[in-house]
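Here is what each chain is made of, one letter per residue.
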Amino acid sequence: MRVGIVGAGIGGLAAAAAFAQGGADVAVYERAGFGPTGAGISLFGNGLRALDHIGVGHAVRALGPPPDLTAGIRTPGGGWLTRTPPSTTADLRVVHRGDLHAILAAAAPVVQTAAVTEVRTTEQRASVVLESGQRHDFDLVIGADGIGSRIRSTLFDDPGVRYAGYTAWRGVTTGPVDVPAAGETWGRGERFGIAPLGDGRVYWFAVAGAPPGWPVPDESTEVERRFATWHTPIPELLSTTDPKTILRNDILDLTRPLATFVRDRVALIGDAAHAMTPNLGQGGNLALEDAVTLARLVRDAASVRVALARYDALRRARTAPLARRSRQLGRIAQAHGLVGVAFRNTLVRLTPAGSAARAAERVQAWQPPEPLSVRR
Ligand SMILES: Cc1cc2nc3c(=O)[nH]c(=O)nc-3n(C[C@H](O)[C@H](O)[C@H](O)COP(=O)(O)OP(=O)(O)OC[C@H]3O[C@@H](n4cnc5c(N)ncnc54)[C@H](O)[C@@H]3O)c2cc1C
């Protein structure tokens, strides 16, 4: 079984590790080479379980214990709108993306630095064409090429992406900062998130409604201008972050769910298949689930065709409702008008914390698919 993987982000590397462990001959192509991989990422029970299935869950958990803090949603003055029951975050790990990337890369075959310019497929095989003009044939090609997936736009009925109406900054403090509580703070059209890493440094994100591609002279000054008057320790988190390391992304998702994640011998995973807004913190977790699911099904099914059909059905059903919920949550969290904010805050205060927690726990309870009854 020869498998070609386009893209070495979280999804591509996890798929490479999972397929290699199943005995496949795997080639991974990444156009960018390896550089700094940005800020932090929240991994929930479902993502950690997927990591367990590729044998690296323990390495990720060893980066630090789950944050043992009160968490929930606050107002900019520091008052609580809601507190999250500890069961929701019991298995949470917030890790630096660079660390996750390094752990996944160590479990995956060597990644080739090469941009893929084209993917072709028939019912029997798929091939990738590299920038150099070289062509390589595979039994299966996995499109793990992210939100701007060229494979999605050339081989699938691509719905395209849309701007959610808000932009996000992310940073990690240069050293440990004492934080009394974690979670989000919701203002008017602005939000701030606090997520301590296992080593005491703190990953933070800041969100603001803005026109797409909105140019600011200096990202760090803009974040300070908006958030430095919010409750402690937000000012300290900003002042202990190296301004050069602050990332900013406009938030996008797919205009509508794809009608299929597979075509002949090509399967899409991760953001290429189901790019969603980050409000549920699930995009990377779901990319890990995709990788493990696909590798298992291909290993266990009577044929690649049967495995891909099952992958398509399972993963579209899993991801489409979460993309929708994530977008809805963003709309609520980004409320801007005085009346809308007052209504939202009352709603959050009155909603029993247990019901939101149970919904989150259901999402996090994911298990990889059972082997299909018909074996090769
Ligand atoms: C602000 C923000 C916060 C987030 N927070 C969280 C969180 O807390 N938890 C969570 O689970 N998710 C989170 N996400 C989502 C998460 O980052 C993504 O879902 C995840 O990184 C997707 O991984 P991927 O491997 O599918 O795609 P990517 O990470 O985008 O990787 C795609 C790779 O493919 C490569 N590539 C593209 N085209 C080609 C080509 N033609 N040839 C070769 N290589 C190519 C790219 O260079 C890239 O390395 C967040 C996202 C944002 C924007």
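See the structure shown above.
The structure reproduced in this document is the subject of the present report. Keep in mind that this is a model prediction, so the values were computed, not measured.

Viewed as axis vectors pointing N to C, helix α1 (residues 10–21) and helix α5 (residues 97–107) meet at an angle of 25 degrees, and their least axial separation amounts to 8 Å. For the element pair α1 / α5, the angle class is roughly parallel. Of the two possible hands of crossing, α1 and α5 adopt the one that is left-handed. Contact residues: I10, L13, A14 and A17 in α1; R97, L100, H101, L104, A105 and A107 in α5. For the contact of α1 with α5, the residue count by class is eight nonpolar, one polar and one charged.

The subject of this paragraph is the side chain of S127. Topologically, S127 is positioned in strand β9 (residues 126–130). Beyond its immediate sequence surroundings of up to four residues, S127 is in contact with E118, V119, R120, R135, H136, D137 and V141.

On to the site of the ligand. Lining the immediate environment of the ligand, one finds 27 residues, of which G11, E30, R97, D271 and G284 sit closest. Between the ligand and I10, the relevant distance is 3.2 Å, taken from an oxygen atom to a main-chain nitrogen or oxygen of the residue. For the ligand, a nitrogen atom lies 3.1 Å from a polar atom in the backbone of R31. Considered on its own, the ligand offers 1,000 Å² of accessible surface; in the complex 84% of this is hidden by protein.

A separate point is the sheet that holds strand β12 (residues 161–172). Spatially, the seven strands line up as an open sheet ordered β5-β4-β13-β14-β15-β12-β16, and their pairing is mixed. Each edge of the open sheet carries a strand with a single partner, namely β5 (80–83) and β16 (247–254). Strand-to-strand twist in this sheet, taken as the mean axis angle between neighbours without regard to direction, amounts to 20 degrees. Lying over the sheet, helix α11 (residues 304–333) contacts β12, β13 (181–186), β14 (190–196) and β16, oriented at roughly 75 degrees with respect to β12.

This paragraph deals with the sheet that holds strand β17 (residues 262–263). Pairing in this open sheet of six strands is mixed, and the strands run β7-β2-β1-β11-β18-β17 from one edge to the other. The sheet is open, and its two borders are formed by β7 (111–113) and β17, each paired with just one other strand. Sheet analysis places strand β1 (residues 2–6) next to strand β2 (residues 25–30), joined by five bridges and oriented parallel. Within β2, the position partnered with G4 by the bridge is A27.

Once that is clear, we can look at α11. Between its terminal C-alpha atoms α11 stretches 42 Å, which fits the 44 Å expected from 30 residues at 1.5 Å a residue. Along its length, α11 shows its largest kink, about 25 degrees, at R316.

With seven of eight residues buried, strand β15 (residues 202–209) lies mostly within the body of the structure. Relative to β15, β12 runs antiparallel, the two being bridged by seven bridges. Within β15, the position partnered with V172 by the bridge is Y203. The pairing of β14 with β15 spans seven bridges and is antiparallel. When the bridges of β15 are listed, P196 appears paired with V202. Between β14 and β15, which pair antiparallel one after the other, the connecting turn spans five residues, and G200 there sits at a positive phi close to 100 degrees.

It is worth spelling out unusual backbone geometry at this point. Looking along the chain, the bond that leaves T232 and enters P233 is cis, with omega of 5 degrees. Mapped onto the elements, P233 comes out in the loop between α7 (219–227) and α8 (234–239). In this model, D264 sits at a positive phi of 45 degrees, which is unusual for a non-glycine residue. If you trace the backbone, D264 turns up in the loop between β17 and β18 (266–268).

Across all of its chains, the model carries 20 salt bridges by this definition. In this structure, the salt-bridge partner of R248 is E219, at a minimum N-O distance of 3.4 Å. Remark: E219 occurs in helix α7 and R248 occurs in strand β16; sequence separation between them is 29 residues. Taking relative accessible area as the criterion, E219 reaches 25% and is therefore assigned partly exposed.

For β14, the tally of buried residues reaches seven of seven residues, placing the bulk of the element in the interior. Taking every second residue as pointing to the same face, both faces of β14 are buried, with E190, F192, I194 and P196 on one and R191, G193 and A195 on the other. Both β13 and β14 contribute to a ladder of four bridges, which runs antiparallel. Along β14, the bridge assignment pairs E184 with G193.

Each value, and the rule that gives it
Position numbers for residues count from 1 along each chain, tracking the sequence in the order it is written. This being a predicted model, a pLDDT of at least 70 is required before a residue's local features are given, and a value of 80 or more before pairs of side-chain atoms are given or counted; all residues contribute to the totals for chains, interfaces and linings. Excluded from the side-chain calculation are hydrogens and water; included are all heavy atoms of the structure. Interaxial angle, 0 to 180 degrees, is taken between N-to-C directions of lines fitted to C-alpha atoms, where a helix line uses only the stretch in contact. Secondary structure elements are defined from DSSP: runs of H or I of at least 4 residues count as helices, runs of E of at least 2 residues count as strands, and each element is numbered from the N terminus. Throughout, the term roughly parallel applies to angles under 35 degrees, roughly antiparallel to angles over 145, roughly perpendicular to angles from 65 to 115, and oblique to all others. For any pair of crossing helices, the crossing counts as left-handed if the nearer helix is rotated counterclockwise from the farther one by less than a right angle, and right-handed if it is rotated clockwise. Two residues qualify as a contact provided that any one of their heavy atoms is within 4.5 Å of a heavy atom in the partner residue. Classification convention: Asp, Glu, Lys, Arg as charged; Ala, Val, Leu, Ile, Met, Phe, Trp, Tyr, Cys, Pro as nonpolar; all other residues, Gly among them, as polar. Proximity criterion: a residue is near a molecule or strand once any of its heavy atoms comes within 4 Å of it. Nitrogen and oxygen atoms within 3.5 Å of one another constitute a polar contact, given that in protein one can donate a hydrogen and the other can accept it, and given that sequence-neighbouring residues count only through two side-chain atoms. Under the convention used here, a 1.4 Å probe and the Shrake-Rupley method define accessible areas, while residue burial counts only the protein chains that appear. Only when DSSP finds a minimum of two bridges between them are two strands counted as paired. Between the first and last residue of a helix there are one fewer steps than residues, each counted as 1.5 Å, and that sum is the expected span. Take the seven residues that end at a residue and the seven that start at it, fit an axis to each, and the angle between those axes is the bend at that residue. Burial classes: relative accessible area under 20% of the type maximum marks a residue as buried, over 50% as exposed, and values in between as partly exposed (1.4 Å probe, protein chains only). Salt bridge, as used here: a side-chain nitrogen of Lys or Arg that lies within 4 Å of a carboxyl oxygen of Asp or Glu.

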